[in-house]
Each structure stands twice: as structure tokens, then as C-alpha cells.
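Summary of structural features
What follows is the residue order along each chain.
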Amino acid sequence: MLQVTNLTKFFPVAAKTPRWMPGGKQTQYLHAVDGLDLTIQPGESVGLVGESGCGKSTLIRLISRLLEPTAGAILFDGVDIGQIPVGDFSHSAQRAKLQMVFQDPSDSLNPRFTAFDTITEPIRRLGSKQDQRRLQQRATELAQQVGLPPELLSRFPHQLSGGQKARVGIARAIALNPTMLILDEPTSALDVSVQAVILHLLADLRKQMNISYLFISHDLNVVRLLCDRILVMYLGKLVETGPTDDIFNHPRHPYTQALISAIPAFEANPHRIPLTGEPRSPINPSPNICRLYGRCPKGDDGCQQAAPNLQPINDYHQVACHYPAYPQ
Ligand SMILES: Nc1ncnc2c1ncn2[C@@H]1O[C@H](COP(=O)(O)OP(=O)(O)OP(=O)(O)O)[C@@H](O)[C@H]1O
């Protein structure tokens, strides 16, 4: 269904070397996505997890052709969509089959569109031509499928609750019977009780429609509920992949272990490994975890001590790996 090979995105960042130094000012590159391979089978639900700044959004913007890759191929349903120019992709046949559900429904819905306009927009843009009565009928079917009362179809986003807006975004995404959905933290902006309802809706839709999911989340519990397999991303690379239960029960990579041990529990966990940005705990000093990746403006000494392999470049920390040799 989806096969990504050696996908790479480098962003140019301002060079730190002053112009007057030998060699002059050189452009350096931030390796947001760094030679990444992944495959998703038909009907499979795959979770992508990783800390803030590891490259998740860049990866999905590449797959959904919102960004041009530096290198690599993106094969979707046998077509190398990486070759379709970014401007043409939104009108292509592949776009109809590859849909997205975005993070915050309040931000992603057009405030000037009613729920009906939003849900039927992909049909009008990419589907077969349909009269208004048929569109109304399809919008009602979709609203029922996602649990949105059809009488709300005439409302604008500001007249809907967070959960209702999330349902509108999902109805829009499934309007053209896609084979794959990319879900970018679809429930992170919702309060916890609504989150659970929307996650169950997504699980049900997958069963009914046999759609593949690429599900991005910070929340491992959410991924556990919805995904067959997990990809763990760190500094632009996949550092571990495996069936969900294996990743939870036997995480192999130190970063995955840190992520899993950070899942909130009722009792304090003495073996918890601090994640990036957290103060190191006296119980587990965790010397190889960079606490400041992406946030340290000048590569400070504390950071150097916390991660001896760290090599600050410009305003970012670019490192091959903070961890000791890891058995692949
Ligand atoms: N257009 C850009 N130009 C330069 N750097 C960028 C650009 N977009 C993203 N980056 C950098 O690429 C890295 C990866 O960013 P990305 O948004 O993909 O991370 P993320 O894992 O999605 O983070 P979050 O979970 O916080 O959304 C970050 O260091 C970010 O600052």
C-alpha cells in the first residue's frame, strides 16, 4: 500500500562559522527526516511516536506531498507519488485515496465553510460530478457514519463542539472511501472523555472500511489502543519498529524504553528514565539522553555533559546517535 524508501528532508539552516573564517560561511543542513524506510500494508494501523522535533510532521508532510523531499521515493498503490509535483498532487487520483485528519479541528476547518461544505469539498474537487441533492444525501450518510447529527450539517465550525468538529474532519477524510488515512494527533486538542469516543469511532471505521492508518501521536496509550504496529522515530530516523505488544513489553532501544517508562502511572516509577527537556533524576542520571535537542540555542555546557556524544551545529543539535551502540 505505502512504501517509503530512503526518504530524506534536509532544511538549510544559517551557518555558525563567521564569514571571515577560512572556508567562509557555509550552509548547514538540519536532517529533519534522514533516509527513512517504512512500509504499511493494506488495512494495517501503524503508530508513529517520537518526541517533539524528531521529524514526525515533516515525514507526514512529505508523504502527503505538502513538501518536496530532498531524496527518496514514496510508492502509494504502486505509483511513485514523490514524482507528482506538489501543486498537482491535490488533484490527483492518489490524493483521493490518501486522506488526512489534522491535529486541531478548530484550526483545520475553514471558518467560512459549513459542516456540509467541509465534508463535501473533496467530493466536489476530486470525485465524480454530483448534483446538490445527491451531495446532500452523501453528506447525511457520512454524518451518520461518524455519529454527527445530520441537522448540524448547516452549522459553521464556531457553532460546533470540539468533538463535533473532530467528527466533521473525519467525515471529510472518509468522503471518498480512501484506502489510507494519515492521522496527525487527531485527538490531542480534545478533552479526555471526547478523546476516547473519537478513538473508538476511528477504530470502528477502520474495521468497517478496511482503511490503513498512519497514526501520529505523542500519547503511547492512544497508539496502543489503535495500532497493530509502532514506529519509534528519533532525530529523523526510525530507531525501532515492531508489533505494538512487543514494543510495550520488550522495548529494545533506550529511547523507546524512556518513552514507555514515561507513561503516567498512579505510582511513582523508580526506574523511570527522564525524557528530553526533563531534569535528570538522581535515581537514574541517564547520561546519554540529550535533554535539550531542538531547544538549546548555543549548545551549553550542561547539555554537553548530559550527552557526551552531542555535537552542536548552529542552533540545533545534530548527532548521529546519543546512545551507546545499539543492536539493530
Ligand atoms: N521549514 C523548516 N525549516 C527549517 N527547519 C524546519 C522546518 N520545518 C521543521 N523544521 C525542523 O525540523 C525538525 C523536525 O520538525 P517536525 O515539525 O517534523 O517535528 P515533530 O516531530 O513533528 O515535532 P512536534 O511533535 O512538536 O510537532 C525540527 O528541528 C524543526 O525545527
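Residues numbered from 1 in each chain as written. Predicted model: local features only at pLDDT ≥ 70, side-chain atom pairs only at ≥ 80, totals over all residues.

The protein chain has the name ABC transporter ATP-binding protein in an unreviewed UniProt entry, where Leptothoe spongobia TAU-MAC 1115 is given as its organism. For the record of the protein chain, the UniProt heading Sequence similarities (unreviewed entry) holds the text "Belongs to the ABC transporter superfamily." (UniProt positions renumbered as here; feature names shortened; annotations may be inferred.)

Regarding the site of the ligand
If you check the shell around the ligand, you find twelve residues, and the closest are Phe11, Ala32, Ser52, Ser57 and Thr58. Listed by contribution, the elements that provide at least two residues to the shell around the ligand are β2 (28–40) and α1 (56–63). With three residues, α1 is the largest single contributor of residues to the shell around the ligand. Of the residues assigned to the shell around the ligand, the class counts are four nonpolar, seven polar and one charged. (Near = placed C-beta within 6 Å. Helix = DSSP H or I, 4+ residues; strand = E, 2+ residues; numbered from the N terminus. Nonpolar A, V, L, I, M, F, W, Y, C, P; charged D, E, K, R; others polar.)

Digging into the nonpolar core
By size, the foremost hydrophobic cluster in this structure holds 70 residues, and its most contacted members are Ala171, Phe215 and Val232. If we skip the residues at most four places from it in the chain, alanine 171 touches Ile119, Leu142, Ala143, Gln145, Val146 and Leu148. (Core = buried A, V, L, I, M, F, W, Y, C linked by C-beta atoms within 7 Å. Buried ≥ 20, exposed ≤ 12 C-beta atoms within 10 Å, placed from the backbone. Contact = placed C-beta atoms within 7 Å.)

A closer look at the sheet that holds strand β3 (residues 45–49)
Strand order in the open sheet formed by six strands is β6-β7-β8-β3-β9-β10, with mixed pairing between adjacent strands. Only two strands of the sheet have a single partner each, and these edge strands are β6 (98–101) and β10 (237–243). Looking at each pair of strands side by side, their axes are set apart by 20 degrees on average, direction ignored. When β6 meets strand β7 (residues 180–184), the two strands line up parallel, connected through four bridges. Note on β7: the bridge partner recorded for leucine 98 is methionine 180. Together, β6 and β7 form the strand contacts of helix α7 (residues 162–174), whose direction differs from that of β6 by roughly 175 degrees. (Pairing = 2+ DSSP bridges. Axes fitted to C-alpha atoms, helices over the stretch in contact; angles between N-to-C directions.)

Quick notes on the pairing of strand β8 (residues 212–216)
Judged by how many residues are buried, β8 sits mostly within the fold: five of five residues are covered. Every second residue of β8 is oriented toward a common face, with Ser212, Leu214 and Ile216 on one face and Tyr213 and Phe215 on the other, all of them buried. In terms of strand pairing, β3 meets β8 through four bridges, oriented parallel. Opposite serine 45, over in β8, you have tyrosine 213 as the bridge partner. Following the chain from β7 across helix α8 (residues 192–209) to the adjacent parallel β8, one finds a crossover that is right-handed. (Right-handed = clockwise from strand over helix to strand, strands pointing away.)

Observations regarding the packing of helix α5 (residues 115–126) against helix α6 (residues 132–145)
Packing of α5 against α6 leaves a shortest axis separation of 10 Å and a crossing angle of 110 degrees. In terms of orientation, α5 and α6 fall into the roughly perpendicular class. Residues Phe116, Ile119, Thr120 and Ile123 of α5 form the contact with α6, whose participating residues are Leu135, Arg138, Ala139 and Leu142. Broken down by class, the residue content of the contact of α5 with α6 amounts to six nonpolar, one polar and one charged. (Parallel < 35°, antiparallel > 145°, perpendicular 65-115°, else oblique.)

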